[in-house]
Every structure is written in C-alpha cells, then in structure tokens.
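Inside the fold
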Amino acid sequence: MNSTSPEKWPRPDTDPPEPAAGSISARAAAAATPPYLDGLNPEQYEAATTLDGPLLVLAGAGTGKTRVLTTRIAHILTTRRAFPGQILAVTFTNKAAREMKNRIGKLIGGVAEGMPWLGTFHSIGAKILRRHAELVDLKSDFTILDTDDQIRLLKQVLAAENIDDKRWPARQFAWMIDNWKNRGQRPKDISGGDGFSFAGGRGGELYGLYQSRLKALNAVDFGDLLLEMIRLFQDNPDILAEYQNRFRFTLVDEYQDTNVAQYLWLRLLAQTRTDEDGETLPQNICCVGDDDQSIYGWRGAEVENILRFDKDFPGAKIIRLERNYRSTSHILQAASHLISHNEGRLGKELHSVGEDGERVAVRGVWDGEEEARAIGEDIEQFQRKKHNLNEIAILVRASFQMLEFEDRFVTLGLPYRVIGGPRFYERKEIRDALAYLKIISSSANDLAFERIINVPRRGLGDATLKVIHALARSQSISLFDAARILAETEELNTRSRRSLASLMAMFERWQNQKETSSHTELAEIVLDESGYTEMWQKDRAADAPGRLENLKELVRSMQDFENLAGFLEHISLVMDTEANSEETDKVNLMTLHAAKGLEFDTVFLPGWEEGLFPHQRTLDESGRAGLEEERRLAYVGLTRARKMASVSFAQNRRIHALWQSALPSRFLDELPAAHVKILENQNNYGASMGNNNVESRFDRNPADFSGNYNTPGWQRAQQQHAQPRTPMARSGPKQIDGEIVGRDTGSGSSQMLGNRVFHQKFGYGEVMAVDGDKLTVEFDKAGTKRVLASFVEQH
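Let me sum up the structure you'll find in this document.

Analysis parameters
- Residues numbered from 1 in each chain as written.
- Predicted model: local features only at pLDDT ≥ 70, side-chain atom pairs only at ≥ 80, totals over all residues.
- Heavy atoms only, no water.
- Helix = DSSP H or I, 4+ residues; strand = E, 2+ residues; numbered from the N terminus.
- Buried < 20%, exposed > 50% of the residue type's maximum accessible area, 1.4 Å probe, protein only.
- Contact = heavy atoms within 4.5 Å.
- Areas by Shrake-Rupley, 256 points an atom, 1.4 Å probe, with all protein chains shown as cover.
- Salt bridge = Lys/Arg side-chain N within 4 Å of Asp/Glu carboxyl O.
- Axes fitted to C-alpha atoms, helices over the stretch in contact; angles between N-to-C directions.
- Parallel < 35°, antiparallel > 145°, perpendicular 65-115°, else oblique.
- Pairing = 2+ DSSP bridges.
- Nonpolar A, V, L, I, M, F, W, Y, C, P; charged D, E, K, R; others polar.
- Disulfide = S-S within 2.5 Å.
- Core = buried A, V, L, I, M, F, W, Y, C linked by side-chain atoms within 4.5 Å.
- Expected span 1.5 Å × (residues − 1).
- Arc of directions from axis to C-beta.
- Polar contact = N/O pair within 3.5 Å; in protein donor to acceptor, adjacent residues only side chain to side chain.

Considerations on the overall build of the protein
- Secondary structure assignment for the protein yields 30 helices and 27 strands.
- The 795 residues of the protein split such that 52% are buried.
- Taking as baseline every contact in the protein between residues at least 6 positions apart, the subset at least 24 positions apart corresponds to 72%.
- With an accessible surface of roughly 36,100 Å², the protein has 48% of that area assigned to carbon and sulfur atoms.

See below:
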C-alpha cells in the first residue's frame, strides 16, 4: 500500500472499551491469575504486568528476559489492551523474532502469527518503506542490495569519478558509508572532517553520488532501511503520527546494542503525543537490555542509549532482574565483582537461585602451547567422566588463538566445532594462502591455481581462465603449465598477458627460493610479494584486521614443522579429519563476541593477558570506553558458564611468529579472592612466580614422556630429556635487560664465539662474546643484544 491510499487504521469507536472499575468483568478478571503468569518471580511479574508508561527492564545474564518479553506481550493481548497489529516488537535477529513468536504462541495460542510488526529493525523498516516508497524517491518494488552488489555499485561510482580503486578501495568506502548510516547521517550531514578521510576529501560528495545512483536503480542497501525510514518520519509528520497512533505498545529487545539510527527511529515513534482531545498519551515503550553486556561498540552500538533511558523518557520505571537461573553462586559473584569496576553502568548485582558450585579457576602457564595442552587434558578428563562435549566451550578473545586448540584437538582426537565462523584452516584467507604454498610445492595443483590466479585482483578474470582451461585440456597439461605457455604467446590481450607473465615469474622465483629459504620465510615472502597481505591491509571491513592476524598465525604455526611438505601434509590430515567427523558430541570453540546468548556447563577462558585481553587495539582506539567494553566482554564470558569457569593466561605467547612476554590481564586482579581458586599448574610458569621448588612438567623423569603425543612441543620435550643434564640445569626463565628471552639449559656455549646465529625475534647475527650461557650478538638489523644461547640457532 502507498501513502496516498487510505489505510484501515483502527478507529477509536471500534476499539475495545476499558472495563469499568468494580464491573463484573473487572472483578472476574482480577480473581483469575492467567496461567502464563505462573512461575514468574516478583521482578519478572512486575515487568510483565506494568503496562503504562516507559519501562526499562535491566535484565542480567540468565535472568529470563525473553520470558519477560513474551509474557508481557501475552498479557497485553490477553487483557485486550491492544490487538496484535497494534504492538511493535523489535529484535536484532530473525532467529530471536521466530523464538519470540513461538513462545507467545505456546503461552496464549497462535495469535502471535497475526503480529505483523514483530521482527528485526531491518524487516520492519523494509515493510514501512514499501508502503510509502514514493515519499523517499523510491518505488514499492525497490531492491535491497547485498554487500557484494553494494561494493560493485561503489566501484562504478568511483570509476566514473576517476578515483583509483587500488588507492581508495570500494570496500573501505562501503565500510565508511555503513558507519555514517549507522549514525543516521545523510550526505548533507557529513562534515568536512568525516569526508576528508577518503579520496582527498571527497567522501561526502561520493556518498551523495552513491545515494543518487541507488535511487536511479530503485535500490537501497541495508543502512537505508533505517536511514530512509528516519527521513520518512522527519519529513512527513502525518505519516509519523499514523504509526505513533497505530503502535500502542513498543517493545525492544537487546536495547544496549542499538546504534544511533535505531535509537533515533525509536525516539521518533515513542515521543510524547496527544490524542484528538489534546490529552497526552502515555509513552508505552518497554526496552529490555543489559548495559553490562554491551559488547558491540566496534559495529556502532551505543551503550549510552540504555544509560540515558530515564532522561529520554522522564518518569520511566526501571526494574532490575537479578535472579540468575543459569550459573552457580561463585561464578556470578566473580562476574559481578569484575563488572563493578566499570563506571558507565546503571548498576545491578546478580545472585544465583542455585547452589554455590565450584569457584572460578585461575591458572597460569608458561606459553600458549602449554595452555592448549592443559585445557585439552582437562577436557579429556571430563570426557572420561562422561561429560557431554557439547556442554564444553572455549571462548577466545581473538580468532588466531583458535589454531593452537584446533591442532591440539586433532592430535588428541577430540571432536570440536567452531561457532560463529569457519575452522581456522577453512577461513578464506587461510585457504588462499595455502593455495599459493601448494602451487609452490606442486605446480600441478589445478584447484589451488584456479583459486588464486586473480586473488588479489590482477586482471585475470573468467575470460583468461577459460583460455587457460582450453589449452590445458587440449594438451593434457596442468593449468600452471598452460598459463606459462600463454604468458609467452599471443592468445591473450597485452594487459592479461603481462599480468600472467608477472604471476608466473613470481612463482618461478618462489620455487627457487624454496631451496634456499626456510618455509616460514618463504610464506612471508609470498604473502608480501603477491600483494595478498596488502589487499587485506587496504580492506576497511570490520573483519580485515582479524584476517591479517590469522595470516600471521598461519606463518607462526609453520615453525613447528621441518619443511613446507611436512606442513602441507599436516594440513591435509587435519582437513581430512574434519571432513570425516560426523560426531555430534563436540567441544565448542568460538570468540567471546560469538558466545553472547549461549550457555554451557563448562567454559574455558584462555588468553587473559594484557594486550590480548583487554585488547590493545581497543584501548588505543577508544581509551577508557574501550577498556570498559573489554571488561563487559569478560563479564559475558564468565556468565556463559553454568557450573564451571576456568580462566588461564600465559607468561609467554607467540603472536604472529614472535615470542612476546606477557603480563596477566588486569581483569584477573579484579576477580574476588573469595570466589576464585588458583590451580597449581605443574609447568615452567610455577617456577617463575617465585616458587622455585615447583617442578615443571618438562623437568620430570624422561619416562614421563613415553606417551604417544605427536605435537612438536611434546617431541621437543622428549628430545630435551634424551640429553644428559646437570642438577642445576633448570632454574626458571631468564631475564636480560628486564625481558624474558629464554630458559637456562645449562649447556656450554663457549664454542659459539664468532658463529652466525639466528634468533626468532632479532633475526641473523654474529656472536661477539660469550658469558656462560649468555651471548652478546651483533644482529644484522637489531644491533647488539644480549640473549641466551638456548634461544638461538647456529647457522
């Protein structure tokens, strides 16, 4: 329906009359307690039945917020305060909307199917825009562009304006436009400062051209579904008034995750209004959320929206749901004490209706490999006790942390799944990088060659690939060999031929370097010279930094293998294991952001170290606000656990192929001692914490290493104990100039004077002096450093 057609809004004289006080119907209704209210605790009951005026329900983790929302809707419908079509209920995901409809249906029957305005922000926006499309310069059958179509259109706009797409990528501009639209900004609202960061100050102008192009195509992107709806209401007060009168009740789920545009839209619909007699109508808006779980600031969410609710809606009532039905008391007390360090919060304290349970475990380990091994052993013990693997989760701060756990689980034969994204070796950037390496190892790998011939883009599209395929088939040769021939003949146009010749020359150079360079160095060279790393560096999508971290972690993981062939064979075995795993009982592996809304009996939280968690990039970009969001993320992680939560941190972590000493996360000391237990981990970390009498697992009798673990770390431990050692060979990690750089092996180093050595952090150099196990090395690039002999390799 368009705006020129009269809409069949409910008329006042047909609305159900309010039962008079003391009437038969009122007394009978008061005497009966609806069954859908049974079982609610007092706070839930109050939130579900308080129908007049603005209401904020602060619902802590595991306190039953979905039940409150659905029961509230059921109560509105059952008491005939509104018909299904007069309730606006907004969620963030289609899954949440379906769940809400199903729950309402179970409470009061199938009436929820008649609720046309229960859905996501975007689905409701699309429905309203189609009704009034011509008022925002569209037709009702407009197209909604997906991300790929949006970027394709932006490339056309940039090309028409002679903007270099390599210097100013369309994907980067799409990210900027999305941010502007999330803030409710149209092209005319873009300041010189905001627009200056793209194409030499032309950002705002190009944004306007893009919007004009969208209108010409009768299309919108996802950001427009909210932005154009705001424009519709602001420019057409009569249309806004119609919807304000239609929606007698507004309910919003996960209010802490709303961005500026969503906030503006809700404020327009819920603003104070009057009826035909000039009487002020109540603002019956109910927002449900938890300021302590606002963790999506990086994608535009504004925690301030929920913090200022009582200022936006004077006289608002705030009800706190603090009875947790999920976690044990120790877990909740630890999480509550942690989040209390945040200043930007409304304040609440969860308490469990269940038992005390186990205290939150905290464990320090020597490095990330030891952390993965320890958690793997814990899970094996749970498995022997018949613990359901589906009820075990490992929640990491950054996706690159997953690799050590994935490799460890493959070694142990533990089935696992990655939630919220592909497994490490299934990620696009990892598959692309592996394709390059596979071709270097075996140029006959047609699938790998086809994958990367035009990644990054080098003008070798489908037409070129078709010619290569034809030649390969006609001569029964590989695509690689066919490409090599075509690079020297005239079948392709000049541009494609030059690009193909350049690619083939790079592969020839890399194949030669395979014989002289280490496989890790070769991988770094390939990613750099191919332009693949640069491609993601220029990409301004939210996931681009994570992809770069994954590439660095891939290179790091290669160090555990003797050569490229061994590494690629390992990958093949891993992928084969994953492909053939049909078990449904699996350990869950995911990032903390992906875990929101989920719950498990047992949760492991690794990597609680400064710089990783809280993440340094977040602190650098957002300061105190970023720190508080990181703390909220820690709170979310802890409250995913029903029965057991275990936090761990490493003193040393290899990040992007470099060993880095790490400080324990500040969040650890914000946990309450009464609800925490320290695990005495028998590893190198124990010795470094001042307890030099704690035996490391690597100091045990060599017979202890008779197990059949196949990880490189375990093999190194076996090799280490195969060598004779003096009684004082181990005295904990060593520090030089305040930095932990290695462990004392007790072996002599005097024969190394004058030798060429390689250090993982400082590179190649020459040993200038020897002092016991300490070396003074003149490094080629890092200058003179004092290091331990155990941390260098002779060359």
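This is not the end of the story, as more comes after the structure.
Overview of the pattern of salt bridges
- By the definition in use, this model includes 46 salt bridges.
- The partner of Asp432 in a salt bridge is Lys428, and the shortest N-O contact between them spans 2.8 Å. Of this pair, Asp432 and Lys428 both sit in helix H18 (residues 428-441), separated by 4 residues, roughly a single helical turn.
- Where Glu629 meets Arg632, a salt bridge forms, and the shortest distance between an N and an O atom there is 3.6 Å. Here Glu629 pairs with Arg632, and both are found in helix H28 (residues 616-638), just 3 residues apart, close to one helical turn. Each member of the pair, Glu629 together with Arg632, is buried.
- Here the salt bridges do not stand alone but share partners, grouping Lys65, Asp253, Glu254, Asp257 and Lys596 into one network.

Comments concerning the packing of helix H15 (residues 329-339) against H28
- At a minimum axis distance of 9 Å, the contact between H15 and H28 shows a crossing angle of 175 degrees. In terms of orientation, H15 and H28 fall into the roughly antiparallel class. Of the residues in H28, those in contact with Ile331, Ala335, Ser336, Leu338 and Ile339 of H15 are Arg631, Arg632, Ala634, Tyr635 and Leu638.

Concerning the pairing of strand E6 (residues 249-252)
- Burial of the side chains of E6 extends over both faces: Phe249 and Leu251 are buried on one face and Thr250 and Val252 on the other.
- Examined bridge by bridge, strand E2 (residues 87-91) and E6 share 4 bridges and lie parallel to one another. Looking across to E6, one finds that Ile87 is bridged to Phe249.
- In the sheet, E6 pairs with strand E9 (residues 285-289) via 3 bridges, with the strands oriented parallel. From the neighbouring strand, Val252 faces E9, where its bridge partner is Cys287.

Some remarks on the packing of helix H6 (residues 147-160) against helix H7 (residues 170-182)
- Where H6 contacts H7, the axes come no closer than 9 Å and their chain directions differ by 110 degrees. Regarding the angle of H6 to H7, the classification is roughly perpendicular. Only Ala170, Arg171, Phe173, Ala174 and Ile177 of H7 make contact with H6, whose side of the interface consists of Gln150, Ile151, Leu154, Lys155 and Leu158.
- When the residues that make up the contact of H6 with H7 are grouped by side-chain class, the tally is 7 nonpolar, 1 polar and 2 charged.

Thoughts on the state of the cysteines
- Throughout the structure, instances matching the rule amount to 0 disulfides.
- Summary of cysteine pairing: Cys286 is not part of a disulfide, and the nearest cysteine sulfur, belonging to Cys287, is at 6.8 Å.

Description of the sheet that holds strand E10 (residues 317-321)
- The strand order across the open sheet formed by 6 strands is E3-E2-E6-E9-E1-E10, and the pairing between neighbours is parallel. Here the strands that pair on one side only, and so sit at the sheet edges, are strand E3 (118-120) and E10. With direction set aside, neighbouring strand axes in the sheet form an average angle of 15 degrees.
- Direction of pairing for E2 relative to E3: parallel, over a ladder of 3 bridges. Following the sheet pairing, Val90 is matched in E3 by Gly119.
- Against the sheet, helix H4 (residues 94-108) makes contact with E2 and E3, and its axis sits at roughly 165 degrees relative to E3, the strand it touches most.

So, the nonpolar core
- Counting 51 residues, the largest nonpolar core has Leu500 and Phe507 as its most contacted members.
- In contact with Phe507, not counting residues within four places along its chain, are Tyr436, Ile439, Ile440, Ile452 and Phe480.
- Counting 42 residues, the second largest nonpolar core, distinct from the first, contains Val90, Leu138, Ile230 and Phe233.

Overview of H6
- Under the 1.5 Å per step criterion, the end-to-end length of H6 is 20 Å for 14 residues, consistent within 8% with the ideal 20 Å.
- Along H6, the residues that are buried comprise Gln150, Ile151, Leu153, Leu154, Val157 and Leu158. Taken around the axis of H6, the buried residues stretch over an arc of 160 degrees, which confines them to a single face. Those residues of H6 that are exposed and angled more than 90 degrees off the buried face are Ala159 and Ala160.
- With a side-chain oxygen lying 2.8 Å from the backbone nitrogen of Asp149, the N-terminal cap of H6 falls on Asp146.
- Looking one or two residues beyond H6, the residue adopting positive phi is Asn162, at roughly 60 degrees.

Observations concerning unusual backbone geometry
- In this chain, Val455 is followed by Pro456 through a cis amide linkage whose omega measures 0 degrees.
- The residue after Phe613, namely Pro614, is reached through a cis peptide bond having omega 10 degrees.
- Secondary-structure assignment places Pro614 in the loop between strand E17 (600-605) and H28.
- Located in the positive-phi region is Asn218, a residue other than glycine, with phi close to 55 degrees.
- Within the fold, Asn218 resides in the loop between helix H9 (203-216) and strand E5 (219-220).
- Judged by relative accessible area, which is 15%, Asn218 ranks as buried.
- Positive phi, normally seen in glycine, also occurs at Lys386, with a value near 70 degrees.
- With respect to the helices, strands and loops of the structure, Lys386 is situated in the loop between helix H16 (368-384) and strand E14 (392-396).
- We classify Lys386 as exposed; its relative accessible area is 75%.

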